[in-house]
Amino acid sequence: MSVEHVSMRIIDGYARGDTDIAADEVWALEAHMEMCGVCRDRLSAAVTAGAPAVTALVDTVWSGLEPQLAAVAPVPRRRHWSAWLSGWLTPTMVPWLAMVMSVTLLALLLDLVGNGSDEVSLVLLLAPVLPVLGVAASWSRGLDPAYELTAAAPRAGLYLVLRRTASVLAVVLPALLVGGWATGVMVAQWLLPCLAFASTTLALGGVIGVTRAAVVLVAGWAALVVAPTLVTNRTTFVLHTGGLPMWGLIFALGIGVVITRRGTYSVLGAHR
Amino acid sequence: MTIGKDHHPMPAVNAADIAPTAYAWEIRATGLKVGVGRKHLAVDGLDLSLGTGVHGLLGPNGAGKTTLIRALATVLRPAGGTLELLGEPVGRMGEYRALRRRIGYLPQEFGYYKRFTVREFVEYMAWLKEVPKADIPAAVQRAVERVGLADRADDKMKALSGGMVRRVGIAQAIVNDPSILLLDEPTAGLDPAQRLRFRELLQELGTDTCVVVSTHLVEDVAAACTNVVLFAEGRLVFQGPPDELASVGGPEHVGDSPLERGYSALLLGPERGRRTEHGRRTEHGRGTW
């Protein structure tokens, strides 16, 4: 939009320090100068042209300041990368993500080494619970020293939870994608359980706290699926393609619960 | 005259700056109940109205001070009664983003990230508090200068002493220029000189902010607070200016200063009930403090 700028007459008068400019004009001019770079440029040009006394004064001040400015240590270079990262992850979460990644790699290695000897895929078995650990780490009292400050901030709540969950998934999913591709597992077969577990952790976390929810889910998964599978050496029904609609349903339910109960993530309870 | 296009003009004074407030008290609680765990009520039927100024929240350990401050910071939700902050009722659900932007909070256990510099940490907190991106560097610098840490702003947090860390905590609490400032035991770990400086800062902030300082040090209250809120077992025992609290105590009560004697008279003395009534009367009378 176009803006009414200050007339040259007032600018010249202001630069010379005229006393005959009306008070309301001075007020309007100064208010306008605060936000208009164009008019500030015009004023400084007017000062150079019409008020040598002011220019001389400014030059004197500058020559006095310059030695002092040179002595001040420059502000250290800002670590933009780390500032950007802390918007997406808890600053203490990196070790956790590294752990999750190494578990994935280990599972992948074991799968590749033991390929052919049995039909159980470790990547498939671990895929659902890996993001759970990351989600727990992103909203946990024990791992985030500033959890109470975070919980009291306006940005806390569903928005921040989802942001951090998304960044956990952004790290874990590519690793699983590589793992799934290398072991020949269908993408939907691990992706849906993965997302279902992440959403269930958050949904349950709104009730009993995210860390507790993660512990419950991981323990349940280990007892009900991982242990029987390893004992019988057969992939259970839930991980076959027949189980996919069920995982989809759990995912949708989890998302639904998270959205309807979004207010609960901004209180201390969700950090348990 | 018109010279081409320019960025969107902004008035020099924001409309929000001169808008009249739509509330009588920054903090108003009636019959407030806040639970800790399943059954225990740490704040049990509290009536309290706090306006601009520095309010010292005094009380023995376990009186429910931290729970009350957490409820005021909206991280714990009331189990009963009503709580209004800046005119907005706080209920059981909801995120209260707009309200939280105007609250500053220093928790009792101030956790921080050791690898961050002071500036990075306060910047991160400003981001969490949704301070407009363009204003963050200036707001951070101002907050860090106000707590006297400008020369250490680019040092890592792990290199700071306990008192300095506490001051970073105060800096992050004031970085969003809050209307309600909640400080839970802010003087813990400060040496005497820093404590004096901190009291000055409190008085300065108290001119246009509702500051609630929880403490168990009576001398902090005497020096910096315009109003004392004495709190025991989840209930209000006394509310009034420090002088009035001092006048309650007689020579027969325990304590080294008049305030301490007043404190022990109210918490241990036999006329406790009567003074409670008096305290509440002052509160409803409005404007006596």
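Since the structure is predicted, the reported quantities are computational estimates derived from the model, not experimental observations.

Looking at this structure, how should I read the overall build of chain A?
Along chain A, the regular secondary structure elements total 13 helices and one strand. Taken from N to C terminus, the helices and strands of chain A fall in the order β-α-α-α-α-α-α-α-α-α-α-α-α-α. Taking 272 residues into account, the globule formula puts the C-alpha radius of gyration at 19 Å, and chain A, at 31 Å, lies well above it. For chain A, the C-alpha atoms occupy an extent of roughly 95 × 40 × 35 Å along the three principal directions. By residue count, 34% of the 272 residues in chain A fall in the buried class.

When you look at the UniProt feature "domain: ABC transporter" (unreviewed entry) in chain B in this model, what are you seeing that I'm missing?
In this structure's numbering, the residues bearing the UniProt feature "domain: ABC transporter" (unreviewed entry) are residues 27-258 of chain B. Regarding residues 27-258 of chain B, the helix share stands at 33% and the strand share at 27%, and the terminal C-alpha atoms are separated by 28 Å.

Explain the nonpolar core to me, please; I cannot follow it from the model alone.
Nonpolar side chains in soluble globular proteins tend to be buried together. Counting 134 residues, the largest nonpolar core has Val123 of chain A together with Val122, Ala171, Val175, Leu182 and Leu230 of chain B as its most contacted members. When residues in this core are grouped by element, the largest group, ten residues, is from helix 11 (residues 187-208) of chain A. Beyond its immediate chain neighbours, meaning those up to four positions away, Leu182 of chain B contacts Ile69, Leu72, Ala73, Ile103, Gly104, Tyr105 and Val212 of chain B. With seven residues, the next largest nonpolar core counts Val6, Tyr14, Ala15 and Val47 of chain A among its residues.

For this particular structure, what's the right way to read the interface of chain B and chain A?
For interface size, the figure often reported is the accessible area lost on association. Taken together, the 37 residues of chain B in the interface contact 33 residues of chain A. When contributions to the side of chain B that touches chain A are tallied by element, the ones reaching two or more residues are strand 1 (2-5), helix 3 (97-100) and helix 4 (118-128) of chain B. It is helix 4 of chain B that provides the largest number of residues to the side of chain B that touches chain A, a total of six residues. Looking at the side of chain B that touches chain A residue by residue, the classes come out as 18 nonpolar, five polar and 14 charged.

Would you mind showing me how to read helix 5 (residues 136-146) of chain B here?
Along an α-helix, residues three or four apart share an orientation, since each turn contains 3.6 residues. Residue and element names in this part refer to chain B. Here helix 5 has its buried residues at Ala139, Val140, Ala143 and Val144. Axial view of helix 5: buried residues confined to an arc of 130°, hence all on one face. Once helix 5 ends, the next one or two residues include Gly148, with phi positive near 75°.

How do you make sense of the pairing of strand 3 (residues 40-50) of chain B when you look at a structure like this?
Along a regular strand, successive side chains alternate from one face of the sheet to the other. Residues and elements named next belong to chain B. Inspection of the sheet shows strand 2 (residues 27-36) paired to strand 3 by eight bridges, in the antiparallel sense. Paired with Val36 across the bridge in strand 3 is His40. Connecting strand 2 to the next strand, strand 3, in antiparallel fashion are three residues, including Gly37 with a positive phi near 70°.

Any chance you could explain the sheet that holds strand 6 (residues 88-89) of chain B here in plain terms?
Adjacent strands of a sheet form backbone hydrogen bonds with each other and so pair up, either parallel or antiparallel. Residues and elements named next belong to chain B. Pairing is antiparallel across the open sheet formed by four strands, whose spatial order is 3-2-5-6. Each edge of the open sheet carries a strand with a single partner, namely strand 3 and strand 6. Sheet topology places strand 5 (residues 80-85) next to strand 6; two bridges connect them, and they run antiparallel. Each residue of the ladder has a partner; that of Glu84, found in strand 6, is Pro89. Across the sheet, helix 2 (residues 65-72) lies against strand 2, strand 3 and strand 5, angled at about 120° from strand 2, the strand it touches most.

Help me out: how do you make sense of the confidence of the model for chain B in this one?
As a note on interpretation, predicted positions should not be read in detail where pLDDT is low. Residues and elements named next belong to chain B. Model confidence for chain B is summarised by a mean pLDDT of 82, while 87% of its residues fall at 70 or above. Under a pLDDT of 50 for its full length, residues 1-11 has, in the predicted model, 15 contacts with residues more than four places off or in other chains. Across residues 270-289 the pLDDT falls below 50, and counting only partners more than four positions away or on other chains, this stretch makes 21 contacts in the model. Interface scoring of the predicted complex returns ipTM 0.79; its pTM is 0.79.

Would you take a moment to explain the sheet that holds strand 8 (residues 180-184) of chain B for this structure?
Residue and element names in this part refer to chain B. Judged by pairing direction, the sheet is mixed, and its six strands sit side by side in the order 7-8-9-4-10-11 without closing on themselves. At either end of the open sheet lies a strand with only one pairing partner, and these are strand 7 (103-106) and strand 11 (235-240). The sheet shows a mean angle of 15° between the axes of neighbouring strands, taken without regard to direction. Where strand 7 and strand 8 come together, four bridges link them in parallel fashion. From the neighbouring strand, Gly104 faces strand 8, where its bridge partner is Leu181. Sitting on the sheet, helix 6 (residues 162-174) is in contact with strand 7 and strand 8, with an inclination near 165° to strand 7.

Quick question: what am I supposed to make of the environment of Thr165 of chain A here?
All names here are of chain A. The residue Thr165 is located in helix 10 (residues 158-183) in this model. Sequence spacing of Thr165 and Ala146 is 19 residues, and the spatial spacing of their C-alpha atoms is 18 Å. Setting aside chain neighbours within four positions, we find Thr165 in contact with Val135, Ser138, Ala198 and Leu202.

The rules behind each value
Residues numbered from 1 in each chain as written. Chains lettered and ligands numbered in written order. Predicted model: local features only at pLDDT ≥ 70, side-chain atom pairs only at ≥ 80, totals over all residues. Helix = DSSP H or I, 4+ residues; strand = E, 2+ residues; numbered from the N terminus. Rg over C-alpha atoms; globule rule 2.2 N^0.38 Å. Buried ≥ 20, exposed ≤ 12 C-beta atoms within 10 Å, placed from the backbone. UniProt positions renumbered as here; feature names shortened; annotations may be inferred. Core = buried A, V, L, I, M, F, W, Y, C linked by C-beta atoms within 7 Å. Contact = placed C-beta atoms within 7 Å. Nonpolar A, V, L, I, M, F, W, Y, C, P; charged D, E, K, R; others polar. Arc of directions from axis to C-beta. Pairing = 2+ DSSP bridges. Axes fitted to C-alpha atoms, helices over the stretch in contact; angles between N-to-C directions. pLDDT = per-residue confidence, 0-100.

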